[in-house]
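The lines below spell out each chain.
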Amino acid sequence: MWRLRRAAVACEVCQSLVKRSSGIKGSLPLQKLHLVSRSIYHSHHPTLKLQRPQFRTSFHQFSSLTNLPLRKLKLSPIKYGYQPCRNFWPARLAARLLKLRYLILGSAVGGGYTAKKTFDQWKDMIPDLSDYKWIVPDIVWEIDEYIDLEKIRKALPNSEDLAKLAPDFDKIAESLSLLKDFFTTGHKLVSEVIGASDLLLLLGSPGETAFRATDHGSESDKHYRKVTDKEKIDQLQEELLHTQLKYQRILERLEKENKELRKLVLQKDDKGIHHRKLKKSLIDMYSEVLDVLSDYDASYNTQDHLPRVVVVGDQSAGKTSVLEMIAQARIFPRGSGEMMTRSPVKVTLSEGPHHVALFKDSSREFDLTKEEDLAALRHEIELRMRKNVKEGCTVSPETISLNVKGPGLQRMVLVDLPGVISTVTSGMAPDTKETIFSISKAYMQNPNAIILCIQDGSVDAERSIVTDLVSQMDPHGRRTIFVLTKVDLAEKNVASPSRIQQIIEGKLFPMKALGYFAVVTGKGNSSESIEAIREYEEEFFENSKLLKTSMLKAHQVTTRNLSLAVSDCFWKMVRESVEQQADSFKATRFNLETEWKNNYPRLRELDRNELFEKAKNEILDEVISLSQVTPKHWEEILQQSLWERVSTHVIENIYLPAAQTMNSGTFNTTVDIKLKQWTDKQLPNKAVEVAWETLQEEFSRFMTEPKGKEHDDIFDKLKEAVKEESIKRHKWNDFAEDSLRVIQHNALEDRSISDKQQWDAAIYFMEEALQARLKDTENTIENMIGPDWKKRWLYWKNRTQEQFVHNETKNELEKMLKCTEDHPAYLASDEITTVRKNLESRGVEVDPSLIKDTWHQVYRRHFLKTALNHCNLCRRGFYYYQRHFVDSELECNDVVLFWRIQRMLAITANTLRQQLTNTEVRRLEKNVKEVLEDFAEDSEKKVKLLTGKRVQLAEDLKKVREIQEKLDAFIEALHQEK
């Protein structure tokens, strides 16, 4: 009888629970069950053990972002009574048939729902392999052309139709009540209770079975009443934390497996197993657009508003460490307290089969799994930074572009900026602080830039400078993500942990943000690996009071969650803004093309590189034309230029001193000595200088000479620069002077004039040289004494007092020369005194030095006139020369001297011409090619040398077209990915 009473009570409980669950699809959530709910102990289940009710959580009911509240479920009132048991076989048979029906329906509905729920869970955990659709054969993606999948989908029943197939539990309960009224036997009651309880067990969720209890309900209720609310909350928070950590570990394990699978797939494709060409990734296409934009001069009201993740923070706040954790490699130079980031570094993260890094302008790949390559990469970044920084500066706005690829990396573009400083220390440029602010503002003022604000958690928030700067650029916090670093030190050193919560929530200072994150970037050891830092970070947050006390939420911690959030925000911003930017560049392109058609309708749109190539070909053609200069032309200009250079030395230092000697023997001796000294020390060097200058002049003539209608003055500045740089680099052959010295010495030793024609040519050469010197001397005297009486009367000019004194002195000296025509070149002291006294007698006060200066020019003119007269006498002296001037009063040794000089000039010009045509022109052509190659690699040189509106317009038009084409390709790929 007592068993029948217990069965009746259990039946009422089962009926109430079945009524509560009618119309609900699937099982009840764990939180909706009351703490005092009990499972029923049936006599035909001997294996069911008595147990104390306890909390058990289901993995799929929690996430790192949400908490499901607990809700009480009221139980139906329990009725106690006694029902007699009758042996009535029709009732027993009906009960068995009903039980079989409910078992079948309950199994179908409950099993279907459980299978669907399990499938959804596994579907969420499967990694997104949308990027690898190309692995599946094309026939799979083209199957919709042969099968109408949409028609099949519409033919299938929806969830509402499936729900109609489930039994109506209210009607089932009513049927049970009717059967209870008609069949009152004990066996019928027991069978009904057993069937209902089994049905409830079949329809219950896995989480509900955790709350099955024993028969000692009263004792359990008393135990739970003693537990305080605070302890319940603590227990629930502890369970929630463990569930979240368990979820995090499972997620990490799945990500690791996904990473390995993707790596294997990419490696197989890399080995050529799949012959389909791998398409360029979205992030690489987007990074190329940004690289082109970085070189584009923003004119025509077109600005770069494409999204980037701009990383800003105070110096030594942990910016570099956060970036390295996101990139999963220690790629940046490090220093304790020293400014290491001296220029912006654009890091493009993308997926790849191998963890490598490479620069935009280099083909070398750095293997980030090897410490040697990591050290080389850090050294290369440091060298590039120092190269970008100009002399006298500390930081530079020029960007270094770096690509990092690896399996499992989040796809995005980050720009690491120099750390913001409050004080300029020794060794820094005075404007370093202002320069860093201007660089940071230039990147943050982009309305689509995502600002990753890094704050050091181990120092006082009031000492932060970057938060004020970020608040100015993004006052509403619509594109700012706040990151608190070194949280382990903050929790250890900060007296009040709630202060960390205030910083994370943005309550300590007026800075708004989209999200707030807390990370740990290692123990401060620069040799720590990324994996060790990650393990330390996870271990710290697992035991941190910040999570246990709910000051931080699980989704706000670790750099893994940070990178996921930043990547999602980045791609959301890209999708929202990229098409608008593409339309802006289309309008800019139309404006530029219209301006070009109106201003340069007959010219091709050549940018600087194309113009440089055109100018390069012209310059090389002009250098080659040097080899087409005739030998006669080279020798003529070389001989003339060399005589102009050495004529002064020949007349003043060789001829005049020797001609003022008393006899021919002394004249020849003096000439030979001076010619030998001249040849040994000066003449070869002067000849090489003359040849080099002549080559320069001819080269310049070919470079700057107008080419008629085909001449384009846009190349003039470039040609001049190439000419100057080539001449600067060119050095004449070192052996040229030695060979010239021997040739010139032999030529000057020869005195044998073979015929009268050479004799007459030497006289003519001598007369020209003396007449040129006489003309120079007369000009000097005229400047000394002032205008003569004709100029004074005709042009109203007067002499100065000094010119008057010089004129009187000249007249006095000319009187003395007329008396003594064979006067030596120097005045004696008594002669100087005589001239001075004669001038003083006429009232002219003169100084002895003035008399000597005037005498030098007067005697020089007198001597040159005498020498010219002697040339006329020597025209008939070739006969006496052949007889060595024996028994003759005529001596023409000066004509022989000029013949030797003339012959030496001709032989030297011939030798220099051979060196020019055989060696130096080719060497100059080689130098020109080297200069052009250097200029081709120097973009600054090309911008400086190829200038003008036409060049800039063509340059802008080309870049805008390139940007638009890349943006269109990126947008198309973005739509295909969707």
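Everything here concerns the structure above.
Residues numbered from 1 in each chain as written. Predicted model: local features only at pLDDT ≥ 70, side-chain atom pairs only at ≥ 80, totals over all residues. Heavy atoms only, no water.

Caption draft 1: Local environment of the overall build of the protein. Scanning the protein from terminus to terminus reveals 34 helices and 9 strands. In the protein, buried positions account for 44% of the 978 residues. For the protein, contacts bridging at least 24 residues in sequence account for 82% of all contacts bridging at least 6. When the accessible surface of the protein is summed, it comes to about 54500 Å², and 52% of that surface belongs to carbon and sulfur atoms. (Helix = DSSP H or I, 4+ residues; strand = E, 2+ residues; numbered from the N terminus. Buried < 20%, exposed > 50% of the residue type's maximum accessible area, 1.4 Å probe, protein only. Contact = heavy atoms within 4.5 Å. Areas by Shrake-Rupley, 256 points an atom, 1.4 Å probe, with all protein chains shown as cover.)

Caption draft 2: Summary view of the packing of helix α21 (residues 631-659) against helix α32 (residues 893-937). Put simply, α21 and α32 touch, their axes get as near as 8 Å, and they point 140° apart. Accordingly, the angle class assigned to the pair α21 and α32 is oblique. The handedness of the crossing between α21 and α32 is right-handed. For the contact of α21 with α32, the class distribution of residues is 18 nonpolar, 5 polar and 3 charged. (Axes fitted to C-alpha atoms, helices over the stretch in contact; angles between N-to-C directions. Parallel < 35°, antiparallel > 145°, perpendicular 65-115°, else oblique. Left-handed = near helix turned anticlockwise from the far one by under 90°. Nonpolar A, V, L, I, M, F, W, Y, C, P; charged D, E, K, R; others polar.)

Caption draft 3: Looking closely at the state of the cysteines. Here the structure, examined in full by the defined rule, presents 1 disulfide. Two residues share a disulfide in this structure: C874 and C892, whose sulfurs sit 2.1 Å from each other. Every disulfide takes its handedness from the sign of the S-S torsion; for C874 and C892 that torsion is -100°, giving left-handed. Placement of the pair is C874 in helix α30 (residues 848-874) and C892 in the loop between α31 (878-882) and α32, with a sequence separation of 18 residues. An identical accessibility class is assigned to C874 and C892; each is buried. No disulfide involves C871; its nearest neighbouring cysteine sulfur is the one of C874, lying 6.5 Å away. Its relative accessible area of 0% is what places C871 among the buried residues. (Disulfide = S-S within 2.5 Å.)

Caption draft 4: Broad picture of unusual backbone geometry. Positive phi is not limited to glycine here, since S316 has a value of about 65°. Within the chain, T558 stands out as a residue other than glycine whose phi angle is a positive 75°. Its place among the elements puts T558 in the loop between α18 (545-548) and α19 (559-599). Judged by its relative accessible area of 10%, T558 is buried.

Caption draft 5: Spotlight on the sheet that holds strand β6 (residues 412-416). Strand order across the open sheet formed by 9 strands is β4-β3-β5-β2-β6-β1-β7-β8-β9, with mixed pairing between neighbours. Of all the strands in the sheet, the pair left with one neighbour each is β4 (366-367) and β9 (515-518). Bridge analysis of strand β8 (residues 480-485) against β9 gives 4 bridges, and the strand direction is parallel. Residue pairing across strands places V483 opposite F517, the latter belonging to β9. Here helix α11 (residues 319-327) sits on the sheet in contact with β1 (309-313), β2 (345-350), β5 (400-405), β6, β7 (450-456) and β8, set at roughly 160° to β6. (Pairing = 2+ DSSP bridges.)

Caption draft 6: The arrangement of helix α29 (residues 829-841) in detail. With 13 residues, α29 extends 19 Å between its outermost C-alpha atoms, agreeing within 8% with the 18 Å of an ideal straight helix rising 1.5 Å per residue. The complete set of buried residues in α29 reads I832, V835 and L839. With its buried residues spanning 65° around the axis, α29 presents them on a single face. Residues of α29 that are exposed and angled more than 90 degrees away from the buried face: S829, K837 and S841. Taken together, the buried residues of α29 touch α28 (801-819) and α30. Directly beyond the C-terminal end of α29, a positive phi value near 85° is found at G843. (Expected span 1.5 Å × (residues − 1). Arc of directions from axis to C-beta.)

Caption draft 7: Main features of the packing of aromatic side chains. On inspection of all chains with the given rule, the structure shows 18 aromatic pairs. Considering the side-chain rings of W596 and Y600, the 4.9 Å spacing of their centres and the 50° angle between planes classify their relative orientation as tilted. Summarising the burial analysis for this pair, W596 and Y600 share the class buried. Among the aromatic side chains, those forming a connected cluster through ring pairs are W643, Y655, F765, W855, Y859, F863 and F898. The side chain of R701 reaches across the aromatic face of F702, ending 4.6 Å from its centre. The ring of F612 carries the charged tip of K942 above its face, separated from the ring centre by 5.7 Å. (Phe/Tyr/Trp six-rings, centres within 6.5 Å; stacked < 30°, edge-to-face > 60°. Lys NZ or Arg CZ within 6 Å of the ring centre and 35° of its normal.)

Caption draft 8: Representation of a nonpolar patch on the surface. Taken together, W789, W793, L794 and Y795 make up a surface patch of nonpolar side chains, about 620 Å² in accessible area. Tracing the backbone through its elements, the reader meets W793 in helix α27 (residues 789-795). (Patch = residues over 30% accessible without salt bridge, like charges linked within 9 Å, V, L, I, M, F, W, Y side chains within 5 Å. Salt bridge = Lys/Arg side-chain N within 4 Å of Asp/Glu carboxyl O.)

Caption draft 9: Region of the structure containing the environment of P407. With respect to the helices and strands, the residue P407 is situated in the loop between β5 and β6. Sequence spacing of P407 and E351 is 56 residues, and the spatial spacing of their C-alpha atoms is 5.2 Å.

Caption draft 10: Focus on the pattern of salt bridges. A full pass over the atoms with the stated rule returns 40 salt bridges. With a shortest N-O distance of 3.3 Å, K966 and E288 are connected by a salt bridge. Linking K966 in helix α34 (residues 949-977) with E288 in helix α10 (residues 282-294), this pair joins segments that are 678 residues apart in sequence. Close ionic contact of K959 with E955 constitutes a salt bridge, the shortest N to O distance being 4.0 Å. Taken together, the positions of K959 and E955, both in helix α34 and 4 residues apart, correspond to about one turn of that helix. In this pair, the class of K959 matches that of E955, namely buried. A single salt-bridge network, built from bridges that share partners, covers R589, E593, E605 and R961.

Caption draft 11: Structural detail: the pairing of β2. Counting buried positions along β2 gives 6 out of 6 residues, so the element sits mostly inside the fold. Because side chains alternate across β2, one face comprises the buried residues V345, V347 and L349, and the other comprises K346, T348 and S350, equally buried. Pairing of β2 with β5, which is carried by 6 bridges, proceeds in the parallel orientation. Within β5, the position partnered with V345 by the bridge is I400.

Caption draft 12: View of the nonpolar core. Counting residues in hydrophobic clusters, the biggest one holds 102 residues, and the most contacted among them are Y655, W678, L695, W759, I901 and V928. Per-element tally for this core: the top contributor is α32, with 17 residues. Look past the residues within four positions of L695 in its chain and what remains in contact with it is L626, W634, W732, L916, E920, V921 and L924. If you look at the next biggest cluster of nonpolar residues, it comprises 67 residues, including A329, V483, F570 and A954. (Core = buried A, V, L, I, M, F, W, Y, C linked by side-chain atoms within 4.5 Å.)

Caption draft 13: Quick look at the pairing of β6. By the criterion of burial, β6 is predominantly enclosed, with 5 of the 5 residues buried. Of the two faces of β6, the one lined by M412, L414 and D416 and the one lined by V413 and V415 are each fully buried. The pairing of β1 with β6 spans 3 bridges and is classified as parallel. Bridging across to β6, V311 finds its partner in D416.

Caption draft 14: Quick peek at the environment of W643. On the secondary structure map, W643 appears in helix α21. By relative accessible area, which is 15% here, W643 ends up buried. With near-sequence residues (within four places) excluded, W643 lies in contact with V650, F765, A769, I901 and L905.

Without other data, these values stay purely geometric and don't point to any function.
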